[in-house]
Structures are given as structure tokens and as C-alpha cells.
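# Secondary and tertiary structure notes
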Amino acid sequence: MTLGAADEGVFDGDTLALWEPHIRAFVEILPVATATHEGVLSGLTFGVKDIIDVEGAHTRNGSATSVDVSLATKDAEVVAALRAQGARVVGKTSTTEFAFTDPTDCRNPHDLSRTPGGSSSGSGAAVAAGLVDFALGTQTAGSLCRPAAYCGVVGFKPTYGALSRARVTPLAPGFDSVGVIAKSVTVAKSAFAVMHNQKTSPEGKLMTFVRWLLPGEVKASSDTLSALDAATKALALNAEFPPPPSVPCDPQAIVDAHRMVMLAEAFEAHGCILRSDQAKLLRPKFRAALDAGAGLNAADVSSARQTLRSAADAFWSGMQDVDAILTVPVPEGAPKLGDGTGFQDWLTPWTVFGGPLVSLPWGIDREGRPRAVMLAGRPGSDMPLLTLAQQLEDSAPARPIPKRPPV
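Residues numbered from 1 in each chain as written. Predicted model: local features only at pLDDT ≥ 70, side-chain atom pairs only at ≥ 80, totals over all residues. Heavy atoms only, no water.

### Quick notes on the overall build of the chain
A tally of regular secondary structure across the chain gives eleven helices and ten strands. Here the C-alpha radius of gyration of the chain, 20 Å, is about what a compact globule of 407 residues would show, namely 22 Å. For the chain, the spread of C-alpha atoms along the principal axes amounts to about 55 × 55 × 40 Å. Put simply, of all contacts in the chain between residues at least 6 apart along the chain, 79% involve residues at least 24 apart. Carbon together with sulfur atoms contributes 51% to the accessible area of the chain, which is approximately 15900 Å² in total. Looking at the chain, you have 36 positive and 42 negative side-chain charges, and the mean spots of the two groups are 2 Å apart. (Helix = DSSP H or I, 4+ residues; strand = E, 2+ residues; numbered from the N terminus. Rg over C-alpha atoms; globule rule 2.2 N^0.38 Å. Contact = heavy atoms within 4.5 Å. Areas by Shrake-Rupley, 256 points an atom, 1.4 Å probe, with all protein chains shown as cover. Lys, Arg positive; Asp, Glu negative; His and termini not counted. Charge placed at Lys NZ, Arg CZ, Asp CG, Glu CD.)

### A closer look at the state of the cysteines
Within this structure, the stated rule accounts for zero disulfides. Cysteine cysteine 151 shares no disulfide, and the gap to the nearest cysteine sulfur, in cysteine 106, comes to 7.1 Å. With no disulfide of its own, cysteine 249 lies 16 Å from the sulfur of cysteine 145, the closest cysteine sulfur. Under the relative-accessibility criterion, cysteine 249 is labelled buried at 19%. (Disulfide = S-S within 2.5 Å. Buried < 20%, exposed > 50% of the residue type's maximum accessible area, 1.4 Å probe, protein only.)

### Examining the sheet that holds strand 3 (residues 88-93)
The sheet built from ten strands is open, its strands ordered 1-3-2-4-6-5-9-10-8-7 with mixed pairing. Each edge of the open sheet is held by one strand with a lone partner, namely strand 1 (26-29) and strand 7 (209-211). Going across the sheet, the axis of each strand differs from the next one's by a mean of 25 degrees, ignoring polarity. Inspection of the sheet shows strand 5 (residues 154-157) paired to strand 9 (residues 357-364) by three bridges, in the antiparallel sense. Across the sheet, the residue bridging to glycine 155 is serine 359, located in strand 9. The strands touched by helix 5 (residues 185-195) within the sheet are strand 4 (134-139), strand 5, strand 6 (177-182) and strand 9, with strand 6 carrying the most contacts at an inclination of about 145 degrees. (Pairing = 2+ DSSP bridges. Axes fitted to C-alpha atoms, helices over the stretch in contact; angles between N-to-C directions.)

### Describing the packing of helix 2 (residues 77-84) against helix 5
Direction vectors running N to C along helix 2 and helix 5 enclose 110 degrees, while the axes themselves pass 8 Å from each other. In this view, helix 2 runs roughly perpendicular relative to helix 5, as classed from their interaxial angle. Helix 2 and helix 5 meet at a crossing whose hand is right-handed. Contacts from Val78, Ala81 and Leu82 of helix 2 reach helix 5 at Ala191, Val194 and Met195. (Parallel < 35°, antiparallel > 145°, perpendicular 65-115°, else oblique. Left-handed = near helix turned anticlockwise from the far one by under 90°.)

### Things to note about the pairing of strand 5
Burial of strand 5 is two-sided: the residues Val154 and Phe156 facing one way and the residues Gly155 and Lys157 facing the other way are all buried. Pairing geometry for strand 5 and strand 6, over three bridges, is antiparallel. Its bridge partner being in strand 6, glycine 155 is matched across the sheet by isoleucine 181.

### Description of the nonpolar core
Of all hydrophobic cores here, the largest spans 100 residues; its most connected members are Val79, Leu82, Phe134, Trp212, Ile325, Trp350 and Leu392. The element contributing the most residues to this core is helix 5, with eight residues. What isoleucine 325 contacts, discounting residues up to four positions off in sequence, is Val210, Trp212, Phe315, Trp316, Met319, Trp350, Met374, Leu375 and Ala376. One finds Ala125, Val132, Ala135 and Cys151 within the second-largest nonpolar core, a separate group that totals 20 residues. (Core = buried A, V, L, I, M, F, W, Y, C linked by side-chain atoms within 4.5 Å.)

### Some points on helix 8 (residues 284-294)
Every buried residue belonging to helix 8 is among Phe286, Ala289, Leu290 and Gly293, and all of these are buried. Looking down the long axis of helix 8, one finds its buried residues gathered within 95 degrees of arc, a one-sided arrangement. On its buried face, helix 8 sits against helix 7 (251-270). (Arc of directions from axis to C-beta.)

Here it is in C-alpha cells:
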């Protein structure tokens, strides 16, 4: 895959020094050494969410419980694959504690009074500010597409299980997915192809699309709907847009069942902290999550898993003649600091459905916040969906660039 001139990477230490005191995207900055390998990613730099191992760096998981960890002795498989193709690591990016929902001190480069979104907070902020060409993040509910949308950059969550999670700290392994936040779809696609180790499905063409929003009481803002209208018109130029099918979907039931399974799996992965002296160091929301997970009944968790499997099966059965869905990842732009890490209940069902997701920036709303639209595909359709996203990106407004802070 060939990167165009617009996707060529240029690392600028002065830009990093200018932005970082304001947005705090990184928790550890590494020497940007000359790449030891040449490859399709040569010249590009990337950040790594601080739940993913980088040899010679700490993996502190955004938690005071991990402050004294030793340096990682080996790269996570996804990091090693990227380095083997010439990409260079700039540093570890800020994450909420164990990728849950306690906010970090990271800021949105478009408005320092707003959240970049969680839990891949620093990854979204670093790419938006131009500090790296792309960054690794993870999504368990909505933690990769949401910061991409709020920060006005591209977010790609692959099909569940498409990328290795070896040497990646888990939150809920039944949902955790490593993905990419990038300055363009081309960069995200190139990074994914490298990490997927040539096992990607043929690119192919996606021909039948529907525009579809999750049902429920929460409604998209007029600015968000305007972006969706424009994206719909852009896709309709070269695509078939049949009326959306009637698909059985209860988002609230999915969100409730997902949360139960997520809490149970989080307790299984990290419940030992509650039985140690480090329990007092936990942030309040993650501590409450572990406490809740400890009290769950195994039969209830099993029933919740079945609810999620049935919901995914019913959704894709209802979409059997559809190749891709055009939707939006969030109802509106980034909220103010203090109002949490953003609305994730529209992304949770898409994560449960298991297929690839591409969040695309689509201009700025009336409050100066980045807007976004999203493409969703069937499990396994990663490369065709990315190809479609490239086509849609060509029709999108110019990617919003945050105003540089004063020197």
C-alpha cells in the first residue's frame, strides 16, 4: 500500500514541546530513534496507549497502582509489527485508569476546556495536534471511535479479534479490540494491514449501503444530522441506497447486558487489586466497577452474554442484504471537562455487533467542535470498509486543524 504525499510523516519536536504542556497527551515520551527497519510505514511516527507494552517503556495503565512497574522487556505484537515496517514510537499516550471511565488530565486540542474523550484520550489528542501520524488505542465500549470523533481525526476499530491483544492490559477480553487513530484513512489502513500481517480479507467493493441511526430517546444534534446528510449525499453518488430495513434492536438492553459482562470480566482480570493494599489507590469509578463485578451472579452474566449474542445475530440477519451502514458515533461534539469522557451508548451496540467501524471527521459544528460520521461493516469486512472510507473521505470537508497555542 502506497502512502500519498499528504500522508508522509514528519516528526517535529518543537510542535511536541509547544502542544504537550497544554494537552498532556503523553505520559511518557521516548527518544525518537532512527528506524531500524525500512518498510511501508517508514517516516511515520506513532503513539501507544499506555495499556500496550513498548519495550523499554513503562505500562502504567493510567493507574497509581502501576506506578512502580518495571520497564517492558518486549513490544506488544502490534507495536513490533509497526516498528518492523519502519514506524517510530514517540511515546505512551494517556489513558483512563485500566481503560475504564475515570477521566485523565488530557485536554482536547480544539478546545482546552473540553474532553478529548476516553479511554484512548491521549491517542486522539496527540493525532489531532499533529504530534504523531497515528496512535494505537483500544475499544471495549466506545473508547477509540469516541476520542477520534471528538478530536476531529480518523478512528478505526477493526473486527473483534482481528488484531493481537498479546501484551495489552485487558479490561474486558470479550470486547477489547486494538485499533488505530490516525490523521487519514490511508494511514489507518496501512497500519492495520501491517498489524494484521497480510491476513486481511480481499479489498473488494461494498455496493449496498443504508443510513441508519440507533433507535432510542437520545437524539443527534442538528449539526450532527447535517454532517450525516452531507455524507449520505456523497456516498449516494456512487452507491445504492435502499430504504433502511426494519431491524430488531434494543440499544438499552444491549448497553445493560454489555455493562454486566464488562464488569464481570474486569473483576476477573483485576479483582486481585481489591484484596491488596493498592485498593486505596484506585480511582473511584474503576473501584466501583470492580466492586460491582465482584457481586455479580454467574448465571446472570451468562444470560447477559446470550443477550448480546442474540442481539448481534438478529441485527446482522436484519441487515442481510446490506454491505455497510452509514451512521454517527456520537450525538454531538465533545462535552466540557467535568462532564465525563463523553457519550458512549451509541458505540457500545456497534462494538457488540463485532464488525469494523471507521469514524470520519466531517467539519466543525456551530460551537467550534469537530463533527463526525461513521461507517460500520460486517465482521471480517475490514479492508473493504476502509476502502469505502477512503472514498468518503475524499468528499469530506477538510480535516479540522486545532489552533496552535501561544508560544
